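So you can see what is in the structure, the chains are spelled out below.
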Amino acid sequence: MKRVASLVVAVLVLGTLLYAQNHLVVTGAGATFPYPIYSKWFDVFHTKSPDVEFNYQSIGSGGGIKQVTEGTVDFGASDMPMTDELMKAFQDKRGTGILHFPTVLGADVPSYNVPGVTGTLNFTPEALAGIYLGKITKWNDPAIASANKGVNLPANDIVVLHRSEGSGTTFIWTDYLSKVSSEWKSKGASINWPVGLGAKGNEGVTGLLKTTPNSIGYVELIYAAQNNVAYGAVKNAAGTFVKADLASVSAAAAGAAKDMPADFRVSITNAPGAKAYPISSFTWLLIPQRFQDAGKREAVKKFLYWMIADGQKDVEALSYAKLPKEVADKEKKAVDSIQ
Amino acid sequence: MSARLRWRKFVSNFMLGLTGVCALVSVGVLFLILGYLLYNGGTSVNWDFFTKLPKPVGETGGGMANAIMGSAKLLLAASLIGVPIGFFGGIYLSEFSGSFTASIVRYAADLLNGVPSIVIGIFAYSVVVLPFKHFSTLAGAFALGIMMIPITLRSTEEFLKAVPRNLREGSMALGASKWKTITSVVVPAAYRGILTSILLALARVAGETAPLLFTAFGNRYWSNGWTQPTSSLPVMIFNYAVSPYEDWHRQAWAAGLVLLGLILIINIVARTILSRGIAVPRS
Amino acid sequence: MKGAEPSLGSRSFLSRLASGDEFARLVTLIFAASVVLITVMVVWQLWTNSALPRHKFGLRFLISDVWDPLADQFGALPFMYGTLVTSGVALFIAVPLGIGAAIFLAELAPPRISDTLQFFIDLLAAVPSVIYGLLGFLVVVPLMRTVIFPALNKPLGFLPIFKGPSYGVGFLTAGIVLAMMVIPYIISVSREVLLSVPRDQREAALALGSTRWESTWKVVVPFARTGIMGSIFLALARALGETMAVTMVIGNTPKVVASLFAPGYSIAAVIANEFTEATGDLYVQSLFELGLVLFLMTFILNGLARLLIIVTTQRGSGVGNG
């Protein structure tokens, strides 16, 4: 018995030592919004470069910002651009700057689980703001019904779902609401919600939505699509009801692409344009300006170059929109600047 | 028989029957859990589950091979931290210490035992993860190891104390030093109990999730060595269960079945060892 | 029984040293001391890492119900409320069930059945929290919505605690899941305590003409009352610290609401959800302060529990003249 036990231990220890050889692991954490495409990318990139592993954990944009600032992960990911204070905090703590690299374009969609409603509902900005403020409490409220003539909306209470942790997806949603509603004051990743249940990650909100009748939640497009969850069209700034898809999200980014600031931090919610989907957003990888570890630096740069070019081929299959060409070109130059 | 007596007898039988129902319900919960896990996860525990890595989000298939390995490594390292401290500390309490020191150590162990596992998690984050700037298997093992200490300490002390005095005295009378007595007479006499408590401590921390959230973090790949983040069964169950993907639910049930099966087996083995008696082994 | 000192009288220091005993004593002392060191470190870390909010909010932290990271306002009330309510519901369900089962196991069941059932109960205690959470989220939550809520809300909906609506998740769901988790503790300890009540107590009652139930309920259980209380405190301490099972079914909403069907939050759940992303020192340290509060709650309860259990089993194991 003793012999067997010591043999097992020896094998395990040896195994772990041997394996620790030449695999480079780059750890990242952050947004759940782009998690489907990131996990796909890192998987594909690993087959191309088997000696590097990108271990990405989706814990929410807030977590990505925090952990990359602490230095416990090598890079972060966020749908919310870091504020000047946060960037300064990073500089103070780590002695170098933090760079934002847009990766894809995505959209927050208002998904719902209403018994008896199988089609696409139309939501006005006032309806969405009212629901999330707790002012509109029933599905058959005139604010919702007026945009959905002919749809049989039940008189049930709306179950509002939101994120329980600091979320870039929340930031996009609240950023939009604060632009279209004068009553909606809070904007950020982690707000004091007037109503609703909290769930963890886009995954958690979608999961809760599926099992909770009469619920409404904001999730990234792919989560609704992959899980056969109904999502609605939103009235954009030009007055048209638009459903989120590749065309409408790309249209929202069209204007911003030309005037993209050098640090890539920009908001494209409530974008002008007849075809634009109003709750669209870029999402960013947060990469430190300077890397101590040369191996990690090279791996990250290699990945970023690949992501901007070949990686973009995989995004549309997962319902994310590609980076506009002008943005991609600017990014390539920015990757060069990583030390 | 008077009416009053008949009533009292009826009440007696009724209430006692009710207690039987309570017992049935309580035990029934165990079988409910096992039943659900078997039903929902039984078919998903296949070869893929044990050998494949997780697939990208939204794709079906894949497995939890890295989580199983991660849990194994975490438990191994946690034992290396928790067992020696508990074992040797228990020897000290039982064989060497005065009652004052003993009560302080015991009190500290009880205190540690009562600390909620999430608090152990944030403690491990601030003393291991932050200074080294790494989520790692070691950090996770540190958190789990701390949780093992009180169980192994108290049990080792109790089982050593239960060894009859005359065994010790006999050994000393033959000229053996105290330490020799402890190692060749006292500990072997109590080894069943001590082994049991180590196994039980292991079973206890095998299922812990909260302390791993901020220490071992998570890993979609194999975790090399001891200083990288690692996946683990409990954390995978947590992440997959609250997700919307049916395939992930299926895998969560399977992982739950494997995890619970492992824990129950350890428990049953431990208790069987103990029930065979704490007699001095011959060999 | 104290640690066995050699009954041959103390040997001299040198002779102890020569035989390696002194060395052994030192080494084992270091290990034992490390236990104390670790415990002290845990408490110290909790204290120092919560300095900012302690100075800024003082005791207001415990009564404020605002948790607003953006505005840098943090209050523990919703989480303490949720922790206590869910644990209270858990005890409300688990205590009658647990004591009933313990009575059955200690008084009625033949020893073999009692031991077998106790074995299963011990296995139940070993089931990890995340598996209860799994079961809770995928089984109890739908059950709550489809069966339990209508059953309670239709007849009793006028009571504030049973007001709708129900989302499946909430205080009651978390309480039910916690009840399943703490029943084994109540049963195990109560059964032991009941078994240690001296036989003559029961026999005296029966000799005086009481029924089986009467002797159990009116004589044996009160005799073991303190120990049973201890088991309840133990169960409560366990319930307070539970993280995974609760966070998966409580709804993650920091609000103080009367209805049991409403979503809530607990201390352990909010730490689990928000710790990895709390930016800003005040935010992180407020979470540490919550950890400190939780630790204190469990500390006090565990202490009381141990006291009560020791008192009872000592009394019971003495000659039955109490």
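The numbering scheme is per chain: residues are counted from 1 as the chain's sequence reads. Working convention: letters from A go to chains and numbers from 1 go to ligands, in the order in which they are written. Reporting of local features is limited, given that this is a predicted model, to residues whose pLDDT is at least 70; pairs of side-chain atoms are given and counted only at 80 or more, and all residues count toward the totals for whole chains, interfaces and linings.

Q: Is there a simple way to think about the overall build of chain C in this case?
A: When its secondary structure is counted, chain C shows 14 helices and two strands. Each principal axis of the C-alpha distribution contributes one length, and for chain C these read about 70 × 65 × 35 Å. Of all 322 residues assigned to chain C, the portion counted as buried reaches 55%. Here a helix means four or more residues in a row that DSSP labels H or I, a strand means two or more in a row labelled E, and each is numbered from the N terminus. Exposure classification rests on a simple neighbour count of other C-beta atoms within 10 Å of a residue's own: a residue reaching 20 or more is buried, one at 12 or fewer is exposed, and one in between is partly exposed. C-beta atoms are placed from the backbone.

Q: I keep staring at the interface of chain B and chain C and nothing clicks. Help me out?
A: What counts as a contact is two residues whose backbone-derived C-beta atoms lie within 7 Å of each other. At the interface, 79 residues of chain B touch 77 residues of chain C. Class assignment for the residues of the side of chain B that touches chain C results in 51 nonpolar, 17 polar and 11 charged. When residue character is reported, Ala, Val, Leu, Ile, Met, Phe, Trp, Tyr, Cys and Pro are called nonpolar, Asp, Glu, Lys and Arg charged, and the others, Gly included, polar.

Q: How do you make sense of the domain arrangement of chain A when you look at a structure like this?
A: Interface size, as often reported, equals the accessible area lost upon joining of the parts. Residue and element names in this part refer to chain A. Domain ranges listed in this record stem from an automatic or a database domain assignment. According to the domain assignment, chain A contains domain 1 (25–106 + 279–335) and domain 2 (107–258). Taking only C-alpha atoms into account, the centre of domain 1 sits 26 Å from that of domain 2. Contacts between domain 1 and domain 2 engage 26 residues on the former and 29 residues on the latter. Looking at the side of domain 1 that touches domain 2, the elements with two or more residues in it are α3 (61–70), β4 (98–113), β12 (280–288) and α12 (325–336).

Q: Can you walk me through the pairing of strand β2 (residues 52–58) of chain A in this structure?
A: Residue and element names in this part refer to chain A. By the criterion of burial, β2 is predominantly enclosed, with seven of the seven residues buried. By the alternation rule, side chains of β2 split into Val-52, Phe-54, Tyr-56 and Ser-58 and Glu-53, Asn-55 and Gln-57, which are all buried. Alignment of strand β1 (residues 24–30) against β2, held across seven bridges, turns out to be parallel. Counterpart to Ala-29 in the pairing with β2 is Gln-57. With helix α2 (residues 35–48) bridging β1 and its parallel neighbour β2, the resulting β-α-β unit is right-handed. Here, strands pair whenever DSSP counts at least two bridges between them. We call a crossover right-handed when, viewed with both strands directed away from the observer, the connection leading from the first strand over the helix to the second proceeds clockwise.

Q: So what exactly am I meant to see when it comes to unusual backbone geometry here?
A: With the exception of glycine, the majority of residues adopt a negative phi angle, and the majority of peptide bonds are in the trans configuration. In the Ramachandran plot, Phe-217 of chain B falls in the positive-phi region, its phi being about 65 degrees despite a non-glycine side chain. Here Phe-217 of chain B lies in the loop between α9 (210–213) and α10 (233–241). A count of 31 C-beta atoms within 10 Å places Phe-217 of chain B in the buried class. Even without glycine at this site, Asp-72 of chain C takes up a positive phi of about 60 degrees. Within the secondary structure layout, Asp-72 of chain C lies in the loop between β1 (67–68) and β2 (73–74). According to the C-beta neighbour criterion, Asp-72 of chain C is exposed, with 12 such atoms within 10 Å.

Q: What exactly am I supposed to notice about the nonpolar core here?
A: Most often, soluble globular proteins have nonpolar side chains that are buried together. Core analysis: the biggest nonpolar cluster contains 305 residues, and Ile-237 of chain B together with Val-182, Ile-186 and Val-249 of chain C have the highest contact counts within it. The residue makeup of this core includes at least three contributed by each of domain 1 (25–106 + 279–335) and domain 2 (107–258) of chain A. Once residues lying within four places of it in the same chain are set aside, the contact partners of Ile-186 of chain C are Ala-94, Val-95, Gly-98, Ile-99, Ala-102, Ser-231, Ile-232 and Ala-235 of chain C. Think of a nonpolar core as buried Ala, Val, Leu, Ile, Met, Phe, Trp, Tyr and Cys residues, each tied to the set through C-beta atoms within 7 Å.

Q: Help me out: how do you make sense of the pairing of strand β3 (residues 75–78) of chain A in this one?
A: Regular strands place side chains that alternate from one sheet face to the opposite one. Residue and element names in this part refer to chain A. By the alternation rule, side chains of β3 split into Phe-75 and Ala-77 and Gly-76 and Ser-78, which are all buried. Two strands pair when backbone bridges link them, and β1 and β3 are joined in this way by three bridges, in the parallel orientation. In the sheet register, Ala-29 faces β3, and the bridge partner there is Gly-76. Sheet topology places β3 next to β12; three bridges connect them, and they run antiparallel. When the bridges of β12 are listed, Gly-76 appears paired with Leu-286.

Q: Explanation requested: the interface of chain C and chain A in the structure shown.
A: Opposite the 19 residues of chain C that make contact, chain A presents 25 residues. Secondary-structure elements contributing two or more residues to the side of chain C that touches chain A are α7 (129–156) and α13 (267–274) of chain C.

Q: Looking at this structure, how should I read the packing of α7 of chain C against helix α8 (residues 171–195) of chain C?
A: When two helices pack together, you describe them by how their axes are tilted relative to each other and by the distance separating the axes. All names here are of chain C. Only the stretch in contact is used when a helix axis is fitted, and all axes are lines through C-alpha atoms; the angle between N-to-C directions ranges over 0 to 180 degrees. One can describe the packing of α7 onto α8 by two numbers: an axis separation of 10 Å at closest approach and a directional angle of 135 degrees. Classified by the angle their axes make, α7 and α8 are oblique. Crossing geometry of α7 relative to α8 is assigned as right-handed. Seen from α7, the contacting residues are Tyr-132, Gly-136, Val-140, Val-141 and Met-144; seen from α8, they are Leu-172, Thr-173, Ile-176, Val-177, Met-180 and Met-181. Looking at the contact of α7 with α8, its residues break down into nine nonpolar, two polar and no charged. An angle counts as roughly parallel when it lies under 35 degrees, as roughly antiparallel when it exceeds 145, as roughly perpendicular when it falls between 65 and 115, and as oblique in every other case. Left-handed describes a crossing whose near helix is turned anticlockwise from the far helix by less than a right angle; the clockwise case is right-handed.

Q: Could you clarify how one ought to interpret helix α4 (residues 99–114) of chain B in this entry?
A: Between the first and last residue of a helix there are one fewer steps than residues, each counted as 1.5 Å, and that sum is the expected span. The first and last C-alpha atoms of α4 of chain B sit 22 Å apart over 16 residues, in line with the 22 Å expected at 1.5 Å per residue. What α4 of chain B keeps buried is the set Val-105, Arg-106, Ala-108, Ala-109, Leu-111, Leu-112 and Gly-114 of chain B.

Q: When you look at the sheet that holds strand β5 (residues 122–123) of chain A in this model, what are you seeing that I'm missing?
A: Whether parallel or antiparallel, the strands of a sheet pair through hydrogen bonds between backbone atoms. All names here are of chain A. On the basis of which strands lie adjacent, the open sheet formed by three strands has the order β5-β10-β11 and mixed pairing. Where the open sheet ends on each side, the last strands, each with one partner, are β5 and β11 (241–242). Sheet topology places β5 next to strand β10 (residues 233–235); two bridges connect them, and they run parallel. Considered in β10, the bridge of Asn-122 is made with Ala-233.

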